[in-house]
Amino acid sequence: KYEPQIVPHEVHKKFLYCTLTKTTLPMDPKKVELHVNSKRFKTLVEEQEKKKKEQAVKEEEKKALKAKLREKRIAAAKAAGKWVEPKAKAGVKKKIGAKKKAKAKAGKAAKGEVAAEGAEKAEKAGSESSAAAPTSVKDSKKLRRAATKPKKQVKEPQAPTLKGKKVKKKAKGKAEPAPSA
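A. Inspection of the sheet that holds strand β2 (residues 15–18) at higher detail. Spatially, β1-β2-β3 is the arrangement adopted by the three strands of the open sheet, whose pairing is antiparallel. Either end of the sheet is taken by a strand with one partner, and the two such strands are β1 (6–8) and β3 (23–26). Neighbour to neighbour, the strand axes of the sheet diverge by 35 degrees on average, direction disregarded. Here β1 pairs with β2 via three bridges, running antiparallel. Bridging from a neighbouring strand, Val7 pairs with Tyr17 of β2. Docked against the sheet, helix α1 (residues 29–36) engages β1, β2 and β3, running at close to 145 degrees with respect to β3.

Right, dumping it as C-alpha cells:
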C-alpha cells in the first residue's frame, strides 16, 4: 500500500523501513498508519513530489534546448554545404538479422539438422577429439569454434641462461694470461 516509501527492512525481517524518514517500523498496521499520517512524513512526501516536478520541467527545457541547438547546427552545416544526411543505424538491422538467425537455428535444432551440420564440419576440420556428433546447439557451436580457432603452439622449455650476469671463473693457483693487444 505504501510501497515506494515504506519497504521491508533488509536486515530485520520483522520490520519495515521508511526511505524518507530513515525510520525502522514494526510490521504493525496501526504503527504504519500513524507514521504515514504524521506531519513529518507528509511534508517529506510533498517535498519529494516537488523535486520530481522540478526535475521533469528541467528535463523538458533541456530537451527543447538540445533540439534548438541541433537545428541551428544543421542549418549552419547546410549553409556551408557540409551537411550529409544521416544513414539508418546499422545496429537495428543487425539485431533483426540476429533474431531471424536465432529463430532459424532453433527450428533446425528441433529437427536435428544442427547436430548433423556440426558433425560434417567436425569431419572436415579433422577433429579427432570428438568422436560423437553434437547433440545440441551449444555442442555444434563449440565444434565450429574449435575448427576455426588456431591451435596454440607450445614452446619447449629452454635451458636457463645467464643473461646480463658476468661469471668469472678463477683458476686455482694458475695465473691468467694477459690479453694481447
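B. Focus on the side chain of His35. The residue His35 is located in helix α1 in this model. Under the relative-accessibility criterion, His35 is labelled buried at 12%. Apart from the residues within four sequence positions on either side, His35 is in contact with Ile6, Cys18, Thr21, Thr23, Leu25 and Phe41.

C. Molecular detail of the side chain of Thr21. Here Thr21 is to be found in the loop between β2 and β3. Judged by its relative accessible area of 8%, Thr21 falls in the buried class. A distance of 2.8 Å separates the side chain of Thr21 from the side chain of Thr23, its partner in a polar contact. Beyond its immediate stretch of four places on either side in the chain, Thr21 contacts His35, Arg40, Phe41 and Leu44.

D. Region of interest: α1. Along α1, the residues classified as buried are Val32, His35 and Val36. Angular distribution of buried residues about the axis of α1 spans 95 degrees; they occupy a single face of the element. With respect to the buried face of α1, the exposed residues turned more than 90 degrees away are Lys30 and Leu34. Where α1 is buried, its residues contact β1, β2, β3 and α2 (39–80).

Thresholds, definitions, all that
Here the residue numbering is sequential within each chain, running from 1 through the sequence in written order. Residues qualify for local features only when their pLDDT is at least 70, as the model is predicted, and side-chain atom pairs are given and counted only at 80 or more; totals for whole chains, interfaces and linings, by contrast, use all residues. Side-chain figures throughout are based on the complete set of non-hydrogen atoms in the structure, without hydrogens or water. In this description, strands pair whenever DSSP reports at least two bridges between them. Secondary structure follows DSSP: runs of H or I at least 4 residues long count as helices, runs of E at least 2 residues long count as strands, and numbering of each begins at the N terminus. Here, axes are lines fitted to C-alpha atoms. For helices the fit covers the stretch in contact, and angles between N-to-C directions go from 0 to 180 degrees. Between two residues, a contact is recorded if the distance between any of their heavy atoms is within 4.5 Å. Each residue's exposure class comes from its accessible area (1.4 Å probe, protein chains only) as a fraction of the maximum for that residue type: buried when under 20%, exposed when over 50%, partly exposed otherwise. Any N or O atom pair separated by 3.5 Å or less is treated as a polar contact, with the protein-specific requirement of one donor-capable and one acceptor-capable atom, and with residues adjacent in sequence counted only for side-chain atom pairs. In this description, one arc is meant: the one made by directions from the helix axis to the C-beta atoms.

Fair warning: the whole summary comes from geometry, so function is off the table for now.
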